[in-house]
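# Results of the structural survey
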Amino acid sequence: MNNQIEIRPEGAIVCWRTASGNRAVIKEALDKLGFGKLLPSRETPLAAGKRAMARWARLNNWRGDSRTEVLVRGSKGGVSIVAERKADTEDVAAKSINDYGTVSKLALGKKGLLTSYAEALCFDGGTLGGGKLGAWTAVPGELQQIYDDERNTVSAHALGWTIKEVLVRLNAVRVRPEGGVVWVPESEVPKVEALRDAIVKAAPGAAVYVIRTVMDTAALACIGDALKSEVEQIDSEINRYLDEERDPPPRYTEKVKAAQEKVDAYEKALKAQFGVVTGLAEKTEEKLTQSSFMDTIADALA
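Residues numbered from 1 in each chain as written. Predicted model: local features only at pLDDT ≥ 70, side-chain atom pairs only at ≥ 80, totals over all residues. Heavy atoms only, no water.

Turning to the packing of helix α2 (residues 45-59) against helix α3 (residues 141-151), a few remarks are in order. Direction vectors running N to C along α2 and α3 enclose 135°, while the axes themselves pass 8 Å from each other. Of the possible angle classes, the one that applies to α2 and α3 is oblique. Taken as a pair, α2 and α3 cross one another with a handedness that is right-handed. Residues P45, A48, G49, R51, A52, R55, W56 and L59 of α2 form the contact with α3, whose participating residues are E142, L143, I146, Y147, D149, E150 and R151. When the residues that make up the contact of α2 with α3 are grouped by side-chain class, the tally is 8 nonpolar, 1 polar and 6 charged. (Axes fitted to C-alpha atoms, helices over the stretch in contact; angles between N-to-C directions. Helix = DSSP H or I, 4+ residues; strand = E, 2+ residues; numbered from the N terminus. Parallel < 35°, antiparallel > 145°, perpendicular 65-115°, else oblique. Left-handed = near helix turned anticlockwise from the far one by under 90°. Contact = heavy atoms within 4.5 Å. Nonpolar A, V, L, I, M, F, W, Y, C, P; charged D, E, K, R; others polar.)

Shown next as structure tokens:
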């Protein structure tokens, strides 16, 4: 007699932890999934230059504590990125402990190319206040490499934003109001797993957890509540416009339609009826339709 019970997974809970990663690897994976356009643009030369200078300061141990700041200065050739160090009580030549002295300076051309570099002749009090630099020289190879790396890196924040946007397009529903935890239907799980594999490869320290679920009563209640929350959010936004006697923007027509289609798709896939959600979505759509209809009549009578 076989007493084993077959447990069939249906969809998955997805949560993640982000880190900076290799842009080329992430872009290639997103392209294969059809979501390449969701990856934000490359870091601007200015942003990459600032981070490169900060990393360079730490590598060179310019007393690289909280007293070192990386600032941007305008210049004829584009901009200069300046690492400045706040004085301390050991800097006897400083006028006060709020004085800053230039530690290093990096010239960034208008086309985003590093053009030249200079650093302080010494680290004693003579550099503070006066900001005396040595002669301009070629950009050190290590600094150039750091800059190139920064320009070809996706930040942890940008990666997190991209993950959320991909999951939205994979018909995910948030099961945690603040975000960061979603449920995806079974049909989309392979794409999420492919996304997970690419991110783990490209961004050491990042993780995407795909936790398979079984559709019991509690799981269905969780998904139903999540769908209801999404529709209630749209309904609340529409109500704010109606309370102010304004017609909701046209984008809400698409938002309501997408929400209704999402509820229908979930009911079909899970063989469940989310009656409260369906009714709420229909009422929300009715409000929007009546609002647009009344607006059309007002235009006709004007």
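Within the structure shown, the criterion is met by 1 aromatic pair. Seen from their ring centres, W183 and Y266 are 5.4 Å apart, and the 70° between their planes marks the pair as edge-to-face. Of this pair, W183 sits in strand β9 (residues 181-184) while Y266 is found in helix α7 (residues 251-270), placing the two residues 83 residues apart along the sequence. Overall, Y266 belongs to the buried group, its relative accessible area being 2%. (Phe/Tyr/Trp six-rings, centres within 6.5 Å; stacked < 30°, edge-to-face > 60°. Buried < 20%, exposed > 50% of the residue type's maximum accessible area, 1.4 Å probe, protein only.)

Attention now moves to the sheet that holds strand β10 (residues 207-212). Strands belonging to one sheet form pairs held by backbone hydrogen bonds; the direction of such a pair is parallel or antiparallel. Strand order across the open sheet formed by 4 strands is β8-β9-β1-β10, with antiparallel pairing between neighbours. Across the chains shown, the open sheet's two edge strands, defined by having one partner strand only, are β8 (173-174) and β10. Pairing of strand β1 (residues 12-17) with β10 involves 6 bridges; the strand directions are antiparallel. In the strand pairing of β10, C15 is matched with Y209. (Pairing = 2+ DSSP bridges.)

A word on a negative patch on the surface. On the surface, E254, E261, D264, E282 and E285 cluster together into a patch of negative charge. Residue contributions to the negative patch peak at 3 residues, all from α7. With respect to the element layout, E254 can be found in helix α7. (Patch = residues over 30% accessible without salt bridge, like charges linked within 9 Å, V, L, I, M, F, W, Y side chains within 5 Å. Areas by Shrake-Rupley, 256 points an atom, 1.4 Å probe, with all protein chains shown as cover. Salt bridge = Lys/Arg side-chain N within 4 Å of Asp/Glu carboxyl O. Lys, Arg positive; Asp, Glu negative; His and termini not counted. Charge placed at Lys NZ, Arg CZ, Asp CG, Glu CD.)

Here we come to the pattern of salt bridges. By the definition in use, this model includes 12 salt bridges. Note that R51 is salt-bridged to E43, the shortest N-O span being 3.2 Å. With relative accessibility at 32%, the residue R51 sits in the partly exposed group. Look at E43 and you get buried, because its relative accessible area is 19%. A salt bridge links D149 to R55; the nearest nitrogen and oxygen atoms lie 3.0 Å apart. In this pair, D149 sits in helix α3 while R55 sits in helix α2, placing the two residues 94 residues apart along the sequence. By relative accessible area, R55 is classed as partly exposed at 26%. Each of the salt bridges in this network shares a partner with another, and the network as a whole consists of E43, R51, R55, D149 and E150.

With that settled, consider the side chain of E10. Here E10 is to be found in the segment before β1. When its relative accessible area of 11% is taken as the criterion, E10 is described as buried. If we skip the residues at most four places from it in the chain, E10 touches W183, E186, T213, M215, A269 and L270.

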